[in-house]
Amino acid sequence: MKETTAEENYLKRIEELENRLAEAEQLIEAIKAGEVDAFAVRSDNQSEIYTLQSGDYAYRILVENFSEGAINITEEGLIVYSNKYFHELLGLTYEKVIGTSIDEFIHPESRATFHSLFSLALDGQSKGEIKLIAENKVIPVYISLTSLYPQLPTVGLIITDLTEKKENEKALSDAKNFINNVLKSTNHGVLSYLAIRENNKIVDFEIRYANEIALEQLRLSAQEVIGKRYSTVMPLAKEVGLFDKVKKVVETRISQTHEIKSPFSERWFMVQYVPLDDGVTCTFVEITNQKKQEKILEDKNKELEHSNVELASFSYSASHDLQEPLRKIRTFVSRILLQEQQNFSESSMDYFSRISSAASRMQNLIDALLSYSRTNTIERIFFPTDLNNILKDTKETLGEMIEQNQAVIEGSDLPIVNVIPLQIQQLFTNIVSNAIKYKRENVNPVIKINAERVSAIDIQGELGSSAEEFWRISFADNGIGFEPQYAGQIFELFQRLHGKNEYSGTGIGLAICKKIVQNHHGHINAYGKPGVGATFNIFLPINNYIEK
Amino acid sequence: MKAQCILLVDDDEDDQLLFLDAMREIDKSIICCVANDGLEAILSLHTKSPVPDLIFLDLNMPKMNGYQCLAQIKKEMMFKEIPVVIYTTSRIESDRDRTLKMGASYFLTKPSDFSELIEELTRILKLELKDK
């Protein structure tokens, strides 16, 4: 039993020793594999730590997996170590990099720099920016060199890829150049000022930016302007009130545009100030030519106004003075007809009647001309006017004519429109009396007046207004009508469709209508069918656009 | 009844002739005096007798125009009661208003028909001379 025990003990001991051996072998394997940096050995109840030479394998892994390049080169420049990042950066395999001279990867432009950095590093450390080249690819890098003496006869390099940084820098500088080129390519001068404050009050400005045009106009160089004080660069600005204008924009934060005459010359500038940070951006452009044109236009307008007044007064006095001798002819003729009639032969009587009617026709012409010229000259004051009232007044004015011809005038629900009341009254009177005058024989005239809102795009013909909507007031009659081809002509001065013997008329009435509608920035047209009737449409802008 | 006397102030000879013709048609007994402008009218009022019962006054005249003449007549104690009829070619509303405001009694635009002239003058004479 004892023997068995001893044998068993031996066996147990062997097993124990085998286990420890396996453990030791495992440890050695682990050490070999770099899985263990250090281990503790216990002796006399104390632990001793043993580090292993091969423990730096962890650092190798670290360096290997760095996202920076790491290489080790000999004094002669031969690469003895390269991490994955570096050879990948060059786009080469590990084998192509190891044992190759670093010089092969240095861009010719950077060789001198590199050599001096390298010499410095032999005595310790150095840093700098260089360019690498591999497979025709240029790579900007930042290198940090450290001598590994005396432990190793080599120099270690950490290489940081600057490609992205350089690209960013380039993008930034490209953007800056682009903006500069944009600012250069405009014919506007651009300046930017920053407020200089004392006790929170703006006392001056620093000029932060001036584009080329601005410098050209100031006749100064960039050095003389940028970073300088506003009061120094533009000494007259305060005097002519410009400084206060700029100050106001900064204080109120409200952009301003001014037309400013140069204090030195006859040149004009349009200057715009827009607040930016605690300052303004000033944009200006020369408008001397526009100003000249404006002045010419203004002068021309005055001239035109003057000649219009002159023309009006001429046509007024011409018609007025023409009336005088005419009135006398008519009065003397009527006197003779009244008192001497009995002494006349039949033909003399006929001739005298002809003189009389010719003179009376001339009187009508002159009256109509006077009234035509008056539509140009009398005051054009617009009032919101109820057209129903205008129609009522028209019926009263034409009362006798309406009665004599048994005319029926139908019209209601007319709108209130902003018009020159007297002129619209005349317009209505002319159109209605025209409709009655050109009635069909044995047919009582019926005139229907309607109002309707229409869109500007539906109106054919020239409109004197940019209004989008118009009132169309239509006057439809059952008179003799007219051939459609005359629709355009009838509004021309002295244009008549009928012989004098058929219908009396001056050929001015509808011209006056056209003039009045033009004065209202509207439009007039007419449609006719012989023997059926005619329709006159007047279009009046609904909103009160007065511009032309 | 004493003879009626009318003063016509007009520089136009044709109008003078027509006026006098018409007056003769209306009433041959009326005495008509003529002044060729405002100044002559004022002089005539001061120097000639009798003082007219009615004055017909043109507006557009040389030397002294109708407005000035009217103002002068209305200023003088002796003449300001004489009715003044503005007798003009003007048909302008503002001329009418202005002269009526200044004291004129009527505003007559010279008609271009002789019968109408007679009618108008008859009407005015009836109104203005009925009391005399």
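Residues numbered from 1 in each chain as written. Chains lettered and ligands numbered in written order. Predicted model: local features only at pLDDT ≥ 70, side-chain atom pairs only at ≥ 80, totals over all residues. Heavy atoms only, no water.

1. Considerations on the sheet that holds strand E5 (residues 106-109) of chain B
Through backbone hydrogen bonds, the strands of a sheet pair up, either in parallel or in antiparallel fashion. Residue and element names in this part refer to chain B. Taken in spatial order, the five strands line up as E2-E1-E3-E4-E5 in an open sheet, and their pairing is parallel. At either margin of the open sheet sits one strand with a lone partner, and together these are strand E2 (31-35) and E5. Each neighbouring strand pair of the sheet contributes to a mean axis angle of 20 degrees, computed without reference to strand direction. Pairing analysis gives five bridges linking strand E1 (residues 5-9) to E2, with the strands arranged parallel. Paired with Ile6 across the two strands is Cys32, which belongs to E2. Along the sheet, helix H1 (residues 13-26) contacts E1, E2, strand E3 (54-57) and strand E4 (84-88); its crossing angle with E2, the most-contacted strand, is approximately 170 degrees. (Pairing = 2+ DSSP bridges. Helix = DSSP H or I, 4+ residues; strand = E, 2+ residues; numbered from the N terminus. Axes fitted to C-alpha atoms, helices over the stretch in contact; angles between N-to-C directions. Contact = heavy atoms within 4.5 Å.)

2. Observations regarding a nonpolar patch on the surface
Taken together, the side chains of A:Leu365, A:Leu369, A:Leu493 and A:Phe494 present a nonpolar region at the surface, about 300 Å² in accessible area. Looking at where A:Leu365 falls in the secondary structure, it is placed in helix H12 (residues 346-377). (Patch = residues over 30% accessible without salt bridge, like charges linked within 9 Å, V, L, I, M, F, W, Y side chains within 5 Å. Areas by Shrake-Rupley, 256 points an atom, 1.4 Å probe, with all protein chains shown as cover. Salt bridge = Lys/Arg side-chain N within 4 Å of Asp/Glu carboxyl O.)

3. Here's the deal with the interface of chain B and chain A
The interface of chain B with chain A comprises 17 residues on the first partner and 15 residues on the second. When chain B packs against chain A, the two sides together hide about 1400 Å² of surface, and 51% of this comes from carbon and sulfur. Summed over the three residues of chain B that lose the most area to chain A, namely B:Leu18, B:Ser112 and B:Phe114, the buried surface amounts to 36% of that side. Where chain B meets chain A, there are four salt bridges. Linking A:Arg335 and B:Asp21 is a salt bridge whose minimum nitrogen-to-oxygen distance equals 2.1 Å. Applying the counting rule to chain B against chain A returns seven residue pairs in polar contact (both at pLDDT 80 or more). Counting only elements with at least two residues in the side of chain B that touches chain A, the list comes to H1 and helix H5 (114-129) of chain B. Of the residues forming the side of chain B that touches chain A, the biggest block, six residues, is contributed by H1(B). (Buried area = accessible area lost by both parts, 1.4 Å probe. Polar contact = N/O pair within 3.5 Å; in protein donor to acceptor, adjacent residues only side chain to side chain.)

4. Notes on the pairing of E5(B)
All names here are of chain B. Taken together, the four bridges between E4 and E5 define a ladder with parallel strand orientation. Looking across to E5, one finds that Thr88 is bridged to Thr109. Each parallel crossover has a hand, and the one from E4 via helix H4 (residues 93-102) to E5 is right-handed. (Right-handed = clockwise from strand over helix to strand, strands pointing away.)

5. Description of helix H13 (residues 387-397) of chain A
Residue and element names in this part refer to chain A. Looking at H13, one finds that the buried residues are Leu387, Ile390, Leu391 and Thr394. Around the axis of H13, the buried residues are gathered within 100 degrees of arc, so they sit on the same side. Of the residues in H13, the exposed ones pointing more than 90 degrees away from the buried face are Lys392 and Glu396. Taken together, the buried residues of H13 touch strand E13 (383-386), strand E14 (408-411), strand E15 (416-419), helix H15 (421-437), strand E16 (446-455) and strand E17 (469-477). (Buried < 20%, exposed > 50% of the residue type's maximum accessible area, 1.4 Å probe, protein only. Arc of directions from axis to C-beta.)

6. Regarding the packing of H13(A) against H15(A)
Residues and elements named next belong to chain A. Direction vectors running N to C along H13 and H15 enclose 55 degrees, while the axes themselves pass 9 Å from each other. One finds that H13 runs oblique with respect to H15. The handedness of the crossing between H13 and H15 is right-handed. Touching Leu387, Ile390, Leu391, Asp393, Thr394 and Thr397 of H13 are Pro421, Ile424, Gln425, Phe428, Thr429 and Val432, all from H15. Residue composition of the contact of H13 with H15, by class: seven nonpolar, four polar and one charged. (Parallel < 35°, antiparallel > 145°, perpendicular 65-115°, else oblique. Left-handed = near helix turned anticlockwise from the far one by under 90°. Nonpolar A, V, L, I, M, F, W, Y, C, P; charged D, E, K, R; others polar.)

7. Some thoughts on the confidence of the model for chain B
Residue and element names in this part refer to chain B. Chain-level statistics for chain B give a pLDDT mean of 87 and a share of 95% at 70 or above. Looking over chain B, one finds the lowest element-wise mean pLDDT in H5, namely 88, and the highest in E3, namely 93. For this predicted complex, the interface score ipTM comes out at 0.83, alongside a pTM of 0.48. (pLDDT = per-residue confidence, 0-100.)

8. Topic: the pattern of salt bridges
All names here are of chain A. Tallied over the entire structure, the rule returns 30 salt bridges over all chains. We note a salt bridge from Lys170 to Asp174, for which the minimum N-O separation is 3.1 Å. Of this pair, Lys170 and Asp174 both sit in helix H6 (residues 163-185), four residues apart, which is roughly one turn of the helix. A relative accessible area of 52% places Lys170 in the exposed class. One salt bridge connects Arg267 with Glu286, and the closest N-O pair in it is separated by 2.7 Å. Here the residue Arg267 occupies a position in the loop between strand E10 (256-261) and strand E11 (268-276), and Glu286 occupies one in strand E12 (residues 279-286), the gap between them amounting to 19 residues. Residue Glu286 is classed as partly exposed on the basis of its relative accessible area of 30%.

9. Remarks on the nonpolar core
Residue and element names in this part refer to chain A. Membership of the largest hydrophobic core comes to 41 residues, with the highest contact counts inside it found for Ile424, Phe428, Phe475, Phe536 and Ile538. In this structure, Phe428 is in contact with Leu387, Ile390, Leu391, Thr394, Leu414, Ile473, Phe475 and Ile538, ignoring residues within four places of it in sequence. Core analysis: the next-biggest nonpolar cluster, separate from the first, contains 26 residues, Ala195, Phe205, Val249 and Val271 among them. (Core = buried A, V, L, I, M, F, W, Y, C linked by side-chain atoms within 4.5 Å.)

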